[in-house]
Amino acid sequence: GSPNDEGPSLMCGIAGMIDLSGRRATPHGAVARMAKAIYHRGPDEDGFLTSTGLELANTRLSIVGLADGKQPISNEDQSVWTVFNGEFFDYREKRAELEAKGHRFRTTTDTELIPHLWEDHREKFLDHLKGQFAICVWDKRTNEITIARDRSGICPLFYAVRRIDDTDWLLFASEMKALFASGFVEPKADRRGLNHVFTFFAMPGPVTVFDGVKLLPPGKYLHFKLGSTTAAEAERPRTYWHVTYPDRGAEDYGSDEARVVSGFEDVLWRAVDKRLKADVPVVSYLSGGVDSSLVVAMANKALGRPIPTFTISVQGEGLN
């Protein structure tokens, strides 16, 4: 992991294929091909969960719980399962809270927070997560599925619904190339998505440059029950968090400049400090700009030593 302003600081990859009727076995080899397509995201190990109606996969880059963090991971009685890409910054504190309530942890990885929080809060568990994440949770008892993305959209997540042999399937993955690797999602251009790229120079979602492939927007989740949900209902995002702005006339323009500056410094300091917790060395990418330089300086101060720092030089005229 790394405090990083240029993009995702953690890799790992998740993928899955879900029969919305909850009756069919997943096509042989499809999810394995999906996982292989995103092997570069998690070269340390991979794991699969196969059951009637679904198959989930994880390719893992070990950050927290190096020895026992292999996914998918479940709760005590294996009734709730999850695959997860990301990191929870308050893992130790949240684990202590859950253990005080009687939850039993079998691993030292932050992934295990997810099934226990689901037990306590069901789909509201997202309100209790602090970090960056792309998640799929399956409750075996109720056949409920929740697929979610963090509030800022740091960890990517894409999905598509396809009809295969008279059954609707939902496929999801950390990268679109994994959806194509399944053999059931065709990489066909979406003109509206291409228009977004050339208009906004970004892909805000849910539309992508590929027809029928959707990006799950930040702060959104999918929630559905196998056997009782239509394809349209299953792929409709729900909101658990969104940015709020003051009403016109109620804005705070910072009349007390010193308070605003010190308050911002405190928020930024706490944000950097809590991202330094990991079971592996923490490093940073340095762009040379003010923002990444400030993050590195604060990380050095918090750790009491310089952290390894990397930058990239493009050896081309007009590009460097």
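I will try to describe carefully the structure that is included in this document. (Residues numbered from 1 in each chain as written. Predicted model: local features only at pLDDT ≥ 70, side-chain atom pairs only at ≥ 80, totals over all residues. Heavy atoms only, no water.)

## Points about the state of the cysteines
Argument step 1. The tally for this structure, following the rule as stated, stands at zero disulfides.
Argument step 2. As a non-bridged cysteine, Cys136 has Cys155 as the owner of its nearest cysteine sulfur, 15 Å distant.
Argument step 3. For Cys136, a relative accessible area of 0% corresponds to the buried category. (Disulfide = S-S within 2.5 Å. Buried < 20%, exposed > 50% of the residue type's maximum accessible area, 1.4 Å probe, protein only.)

## Structural notes on the packing of helix α7 (residues 257–274) against helix α8 (residues 290–303)
Argument step 1. Running from amino to carboxyl end, α7 crosses α8 at an angle of 70°, the nearest separation of the two axes being 9 Å. Considering the angle they form, α7 stands roughly perpendicular to α8. At the point where α7 passes α8, the crossing takes the right-handed sense. Of α8, the residues touching α7 (which contributes Glu265, Leu268, Trp269, Val272 and Asp273) are Leu294, Val295, Met298, Ala299, Lys301 and Ala302.
Argument step 2. Tallied by class, the residues present in the contact of α7 with α8 amount to eight nonpolar, no polar and three charged. (Axes fitted to C-alpha atoms, helices over the stretch in contact; angles between N-to-C directions. Helix = DSSP H or I, 4+ residues; strand = E, 2+ residues; numbered from the N terminus. Parallel < 35°, antiparallel > 145°, perpendicular 65-115°, else oblique. Left-handed = near helix turned anticlockwise from the far one by under 90°. Contact = heavy atoms within 4.5 Å. Nonpolar A, V, L, I, M, F, W, Y, C, P; charged D, E, K, R; others polar.)

## Concerning the pairing of strand β1 (residues 13–19)
Argument step 1. β1 sits mainly inside the fold: seven of its seven residues count as buried.
Argument step 2. Because side chains alternate across β1, one face comprises the buried residues Gly13, Ala15, Met17 and Asp19, and the other comprises Ile14, Gly16 and Ile18, equally buried.
Argument step 3. Across six bridges, β1 lies against strand β3 (residues 54–60) in antiparallel orientation. From the neighbouring strand, Ile14 faces β3, where its bridge partner is Asn58.
Argument step 4. Here β1 runs beside strand β9 (residues 167–173); their pairing, made up of five bridges, is antiparallel. Residue pairing across strands places Ala15 opposite Ala173, the latter belonging to β9. (Pairing = 2+ DSSP bridges.)

## Section: the side chain of Glu175
Argument step 1. Locating Glu175 in the fold gives a position in the loop between β9 and α4 (176–181).
Argument step 2. With a relative accessible area of 13%, Glu175 lands in the buried category.
Argument step 3. Of note is the side chain of Glu175, whose polar atom sits 3.0 Å from the side chain of His40.
Argument step 4. The contact partners of Glu175, leaving out residues within four places of it in the chain, are Ile38, His40, Arg41 and Phe158. (Polar contact = N/O pair within 3.5 Å; in protein donor to acceptor, adjacent residues only side chain to side chain.)

## Some remarks on unusual backbone geometry
Argument step 1. In this structure, the amide linkage connecting Gln71 to the following residue, Pro72, adopts the cis form with an omega of 0°.
Argument step 2. Along the chain, the position of Pro72 falls in the loop between β3 and β4 (73–74).
Argument step 3. Note that the residue after Gly205, namely Pro206, is joined by a cis bond; omega there is 0°.
Argument step 4. On the secondary structure map, Pro206 appears in the loop between α5 (191–200) and β10 (214–215).
Argument step 5. Of note, Gln78 is a non-glycine position whose phi angle comes to about 60°, a positive value.

## A short note on the pairing of strand β6 (residues 131–139)
Argument step 1. Among the nine residues of β6, eight are classified as buried, and the element is accordingly described as predominantly covered.
Argument step 2. Of the strand pairs in this sheet, β6 and strand β7 (residues 144–149) are connected by six bridges, and their pairing is antiparallel. Within β7, the residue paired with Ala134 across the bridge is Arg149.
Argument step 3. Linkage of β6 to β7, two consecutive antiparallel strands, is achieved through a turn of four residues, within which Asn143 is found at a positive phi near 60°.

Coordinates in, geometry out; function isn't part of it.
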